[in-house]
Amino acid sequence: DTGVSQDPRHKITKRGQNVTFRCDPISEHNRLYWYRQTLGQGPEFLTYFQNEAQLEKSRLLSDRFSAERPKGSFSTLEIQRTEQGDSAMYLCASSLNDRGTFGSGTRLTVV
Amino acid sequence: GIQVEQSPPDLILQEGANSTLRCNFSDSVNNLQWFHQNPWGQLINLFYIPSGTKQNGRLSATTVATERYSLLYISSSQTTDSGVYFCALSGTGNQFYFGTGTSLTVIP
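In this text the structure is predicted, and so the values were computed from the model without any measurement.

Rules used in this analysis
- Residues numbered from 1 in each chain as written.
- Chains lettered and ligands numbered in written order.
- Predicted model: local features only at pLDDT ≥ 70, side-chain atom pairs only at ≥ 80, totals over all residues.
- Heavy atoms only, no water.
- Contact = heavy atoms within 4.5 Å.
- Buried area = accessible area lost by both parts, 1.4 Å probe.
- Salt bridge = Lys/Arg side-chain N within 4 Å of Asp/Glu carboxyl O.
- Polar contact = N/O pair within 3.5 Å; in protein donor to acceptor, adjacent residues only side chain to side chain.
- Helix = DSSP H or I, 4+ residues; strand = E, 2+ residues; numbered from the N terminus.
- Nonpolar A, V, L, I, M, F, W, Y, C, P; charged D, E, K, R; others polar.
- Disulfide = S-S within 2.5 Å.
- Buried < 20%, exposed > 50% of the residue type's maximum accessible area, 1.4 Å probe, protein only.
- Pairing = 2+ DSSP bridges.
- Axes fitted to C-alpha atoms, helices over the stretch in contact; angles between N-to-C directions.
- Phe/Tyr/Trp six-rings, centres within 6.5 Å; stacked < 30°, edge-to-face > 60°.
- Lys NZ or Arg CZ within 6 Å of the ring centre and 35° of its normal.

Chemist: Can you walk me through the interface of chain A and chain B in this structure?
Modeler: The extent of an interface is frequently quoted as the accessible surface area lost upon association of the parts. The partner chain B presents 18 residues to the 17 residues of chain A that form the contact. Both sides of the chain A and chain B interface together cover about 1,600 Å² of buried area, and 46% of this is carbon and sulfur. Our count for the contact surface shared by chain A and chain B stands at zero salt bridges. For the pair chain A and chain B, the number of links is six residue pairs in polar contact (both at pLDDT 80 or more). Of all the secondary structure elements, the ones that give two or more residues to the side of chain A that touches chain B are β4 (31-37) and β5 (44-50) of chain A. Take the side of chain A that touches chain B: its biggest share by element is three residues, from β4 of chain A. Of the residues contributing to the side of chain A that touches chain B, the split by class is seven nonpolar, seven polar and three charged.

Chemist: Got a minute to help me understand the state of the cysteines in this structure?
Modeler: Here, the word disulfide means a covalent bond between the sulfur atoms of two cysteines. As enumerated under the stated definition, the model contains two disulfides over all chains in all. Here C23 of chain A is linked by a disulfide to C92 of chain A, with a sulfur-sulfur distance of 1.9 Å. Disulfide C23 of chain A-C92 of chain A: torsion about the S-S bond near -65°, hence left-handed. With a gap of 69 residues between them, C23 of chain A in strand β3 (residues 19-24) and C92 of chain A in strand β9 (residues 88-95) connect regions that are remote in the sequence. The disulfide that involves C23 of chain B links it to C87 of chain B, with 2.0 Å between the sulfurs.

Chemist: Hey, could you run me through unusual backbone geometry in this one?
Modeler: What is expected of a backbone is that most residues other than glycine have negative phi and most peptide bonds are trans. Residue P8 of chain A is reached from D7 of chain A by a cis peptide bond, and omega for that bond is -5°. By secondary structure assignment, the location of P8 of chain A is in the loop between β1 (5-7) and β2 (10-13). With an omega of -10°, the peptide bond running from S7 of chain B to P8 of chain B counts as cis. Within the secondary structure, P8 of chain B sits in the loop between β1 (4-7) and β2 (10-14). Its identity is not glycine, yet N51 of chain A carries a phi of approximately 55°, on the positive side. Inspection of the secondary structure puts N51 of chain A in the loop between β5 and β6 (53-57). Judged by its relative accessible area of 35%, N51 of chain A falls in the partly exposed class.

Chemist: I'm lost on the sheet that holds strand β8 (residues 75-79) of chain A in this one. Help?
Modeler: Strand pairs in the sheet, formed through backbone hydrogen bonds, run parallel or antiparallel to each other. Residues and elements named next belong to chain A. In space, the four strands of this open sheet follow the order β1-β3-β8-β7, with antiparallel pairing throughout. Single-partner strands in this sheet number two, and they are β1 and β7 (65-68). Between one strand and the next, the sheet's axes are offset by a mean angle of 15°, whatever the strand orientation. Both β7 and β8 contribute to a ladder of four bridges, which runs antiparallel. The partner of E68 across the bridge, within β8, is T76.

Chemist: Can you walk me through the side chain of Q37 of chain A in this structure?
Modeler: Looking at where Q37 of chain A falls in the secondary structure, it is placed in strand β4. For Q37 of chain A, the side chain forms a polar contact with the side chain of Q37 of chain B, separated by 2.9 Å. Contacts of Q37 of chain A, omitting those with residues within four sequence positions, involve G42, P43, A88, M89 and L91 of chain A together with Q37 and F86 of chain B.

Chemist: How do you make sense of the packing of aromatic side chains when you look at a structure like this?
Modeler: Two descriptors summarise a pair of aromatic rings, namely the distance from one centre to the other and the angle between the planes of the rings. Throughout the structure, instances matching the rule amount to eleven aromatic pairs over all chains. For the ring pair Y33 of chain A and Y48 of chain A, a centre distance of 4.9 Å and an interplane angle of 35° mean the geometry is tilted. One end of the pair, Y33 of chain A, is in strand β4; the other, Y48 of chain A, is in strand β5, with 15 residues separating them in the sequence. Both residues of the pair, Y33 of chain A and Y48 of chain A, count as buried. Each ring, one from F86 of chain B and one from F98 of chain B, has its centre 6.0 Å from the other, and the planes form 75°; the classification is edge-to-face. Of this pair, F86 of chain B sits in strand β9 (residues 83-90) while F98 of chain B sits in strand β10 (residues 97-98), and the two are twelve residues apart along the sequence. Here the aromatic cluster, defined as three or more aromatic residues joined through ring pairs, consists of Y33, Y35, F45, Y48 and F102 of chain A together with F35, F86, F96 and F98 of chain B. When the ring centre of F74 of chain A is taken as reference, the NZ or CZ atom of R22 of chain A above it lies at 4.0 Å.

Note that every value here comes from positions in space, so none of it alone points to a role or purpose.
Rendered as structure tokens:
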């Protein structure tokens, strides 16, 4: 197992377009998290899954954002009608117990 | 949510020096972790330490939950220790709150 994988590593999109990111967690991890990190800040929590159930969502997750984990394995994060303020690093983490393992992130630039 | 404050915000060390990074938090926590974010952006989990003291090589961490702070000690620093150090914690929920980090630069 090579850890948490995120795809793509970088995404440049025009304002108003939709984007989708994928996260493949460590295979035996039942917990999966999405975070967003902007320059100079710590990661901010977006949402949490336990298996396929989305159990927590941050107020940061506006109605333009949707996340899924359909079979309790990989997860997708979709942003509709992107705005320049969505430009950030989107991080995925997974855990089995209390220690989280992060992926390398997807850097989104909205132009 | 839980407020997390880290200090100092920036730190420059000569290689071989020791340092202490501090994390203060506003509420009781069930889970506290320290992470290192390297210059390429990868977050590496250093410690899971909701209470007590742990050591891993040149790094050690102590959390005094009753006084709502945690410390990360780096001894004999190396240039590869450069990056940003975050503490992250959660209370009763599953949401983790990150501090704004301590940016460490180790110069040879």
